[in-house]
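# Survey of secondary and tertiary structure
Okay, here's what each chain looks like letter by letter:
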Amino acid sequence: MNIRHFVEIFFIIIFCAFFITRSEPFVETGIYESAQMASQGVEFDYVTWTLDSLGLKISQGALNPAQYLSQADQKDLVYRYFDRVGQIEDVEARIERIYADPNVIDPAQTASILSKALQGMKNRRDQLQPVVESILQQQVAAILVENQLSLGGQVLPPVLYHVTSLPLALIVSPRDAIRQEANISLLSDLTMDEIIQLEKNVEARGDVSALVVPVGGIGIYPTMVMSTTNIEWQIETIAHEWTHNYLTLRPLGLNYETTPELRTMNETTASLVGKEIGRQVLERYYPELIKPEVTADPTLTPTVTETPEAPVFNYRKEMRTTRVRVDELLAAGKIEEAESYMEERRQFFWENGYQIRRINQAYFAFYGAYADSSSSGESGEDPVGPAVVSLRDKSVSLAEFLNQMSWMTSFEQLKAAVR
């Protein structure tokens, strides 16, 4: 067993023990306890998933077939894997359409050939997945080392992730403010009827707003990452969730649930690191995926008078307007008016192509924490995200930024650092 594999096993055991014993949030409230009672029987089992992943990653590390492949062969395997994922999604969509078609009398028989082909495709995907995970782990780790986010050339904790069906998240906020009081992981296969009923049950237990949302990754260890055909997004998410692991045993991560400001600081930091590392991984290993920036030639002028185009719908601008107005109404104690306004805006977004099922206090409590852009609409005028972005702009390196953020325990420290 080499040193790298020993370190990986050590951190797997440490993190597994940490996450398994930390089954409850650091700060419990009556809202959380009430939501947990409503969600009994449909909560996700992290203990079983973590223990299963523990054995999987230990065996992957012991074999590590990626180390015997050239960089060109590694790239070929990665592309083949993502192509396979895309083919599976296409066939699944075709089968779903067959079952939804009222003109199909026997959908099982009609879809039988596709179903058989689908299983074969999944088997081939499953054969590629462990190798591809090892490849992407090593590539992300290499870029982290180059950014001086390592100790003696070893990234700590080691980059470990697993593509899996992710649990849903039950988010609960008070009605009179936008503040996440509960985030409970649920089974991934709940039906829409079950989701809607759960939200109603939670809201009936108190003066709260509830929403069940999908997530793209979860920072347990190994981290959970959603299946996708988008290589760039997956690499970025791997780095994002690794950042959560990095912060977990440091003050910022340990205090994730302490205040809304610290949660936003944590998520915005992970988003910035994920995007920066993800971009560098693409530049190094998959440069052909980087879309060139198109700039207009100022010497060229159109020879034909063009018809003015209709204004383009700006999602972030409109969502920011929505969040700011909701904050104003809630601050004035106008809860029912704020909720009516959010529903009006939801319909407005739907008419413009954004099929959002619900916009409520819980919606903004969840999505508003991801404020890595100054134009992030869901965060409104919340100053926390922009302050994190400002500190990154002032930092001479990604390592300096992450190290400084990781030891913070309050928004006041962040503001002082920015000043």
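To be clear, the structure that these remarks concern was listed above.
What you see is a predicted model; the values in this text were computed from it and never measured.

Thresholds applied
Residues numbered from 1 in each chain as written. Predicted model: local features only at pLDDT ≥ 70, side-chain atom pairs only at ≥ 80, totals over all residues. Heavy atoms only, no water. Helix = DSSP H or I, 4+ residues; strand = E, 2+ residues; numbered from the N terminus. Buried < 20%, exposed > 50% of the residue type's maximum accessible area, 1.4 Å probe, protein only. Contact = heavy atoms within 4.5 Å. Areas by Shrake-Rupley, 256 points an atom, 1.4 Å probe, with all protein chains shown as cover. Polar contact = N/O pair within 3.5 Å; in protein donor to acceptor, adjacent residues only side chain to side chain. Phe/Tyr/Trp six-rings, centres within 6.5 Å; stacked < 30°, edge-to-face > 60°. Lys NZ or Arg CZ within 6 Å of the ring centre and 35° of its normal. Pairing = 2+ DSSP bridges. Axes fitted to C-alpha atoms, helices over the stretch in contact; angles between N-to-C directions. Parallel < 35°, antiparallel > 145°, perpendicular 65-115°, else oblique. Left-handed = near helix turned anticlockwise from the far one by under 90°. Nonpolar A, V, L, I, M, F, W, Y, C, P; charged D, E, K, R; others polar.

## A closer look at the overall build of the chain
Across its full length, the chain holds 16 helices and 6 strands. Looking at the chain as a whole, 48% of its 419 residues qualify as buried. Summarising the internal contacts of the chain: among those between residues at least 6 apart in sequence, 74% fall at separations of at least 24. Total accessible area on the chain is roughly 21300 Å²; 52% of this is exposed by carbon and sulfur atoms.

## Focus on the side chain of Ser-185
By secondary structure assignment, the location of Ser-185 is in strand β3 (residues 182-186). Judged by its relative accessible area of 15%, Ser-185 falls in the buried class. Within polar-contact distance, the side chain of Ser-185 engages the side chain of Tyr-46 at 2.6 Å. Those residues in contact with Ser-185 that lie beyond four places of it in its chain are Val-42, Glu-43, Phe-44, Tyr-46, Pro-167 and Leu-168.

## A short note on the packing of aromatic side chains
Across all of its chains, the model carries 15 aromatic pairs by this definition. Judged by centre distance (4.8 Å) and plane angle (85°), the ring pair of Phe-366 and Tyr-367 falls under edge-to-face. A residue is classified by how much of its surface remains accessible, and Phe-366, at 5% relative accessible area, is buried. The ring of Tyr-246 is capped by Arg-250, whose NZ or CZ atom sits 3.7 Å from the centre of that ring.

## A few points about the sheet that holds strand β4 (residues 208-213)
Overall, antiparallel pairing links the 3 strands, which are arranged β3-β2-β4 in an open sheet. Among the strands making up the open sheet, the edge pair consists of β3 and β4. Across the sheet, the mean angle separating the axes of adjacent strands is 20° when strand polarity is ignored. Summarising the sheet, strand β2 (residues 168-174) and β4 pair through 6 bridges and their orientation is antiparallel. Directly across from Val-172, in β4, lies its bridge partner Ala-210. Against the sheet, helix α2 (residues 30-38) contacts β2, β3 and β4, and its axis sits at roughly 20° relative to β3. Here helix α7 (residues 192-204) sits on the sheet in contact with β2, β3 and β4, set at roughly 160° to β4.

## Here we look at the pairing of β4
Burial analysis of β4 places 6 of its 6 residues in the buried class, which makes it a mostly covered element. Covered by surrounding structure in β4 are Val-208, Ala-210 and Val-212 together with Ser-209, Leu-211 and Val-213, the residues of both alternating faces.

## Some words on the packing of helix α8 (residues 231-248) against helix α15 (residues 398-406)
Where α8 meets α15, the closest approach of the two axes is 10 Å, and the angle between their N-to-C directions is 50°. If you check the angle between α8 and α15, you find them oblique. Note that α8 runs across α15; the crossing there is right-handed. Taking contact as the criterion, the partners of Trp-242, Thr-243, Tyr-246 and Leu-247 in α8 are, on α15, Leu-402, Asn-403 and Ser-406. Residues of the contact of α8 with α15, tallied by class, amount to 4 nonpolar, 3 polar and no charged.

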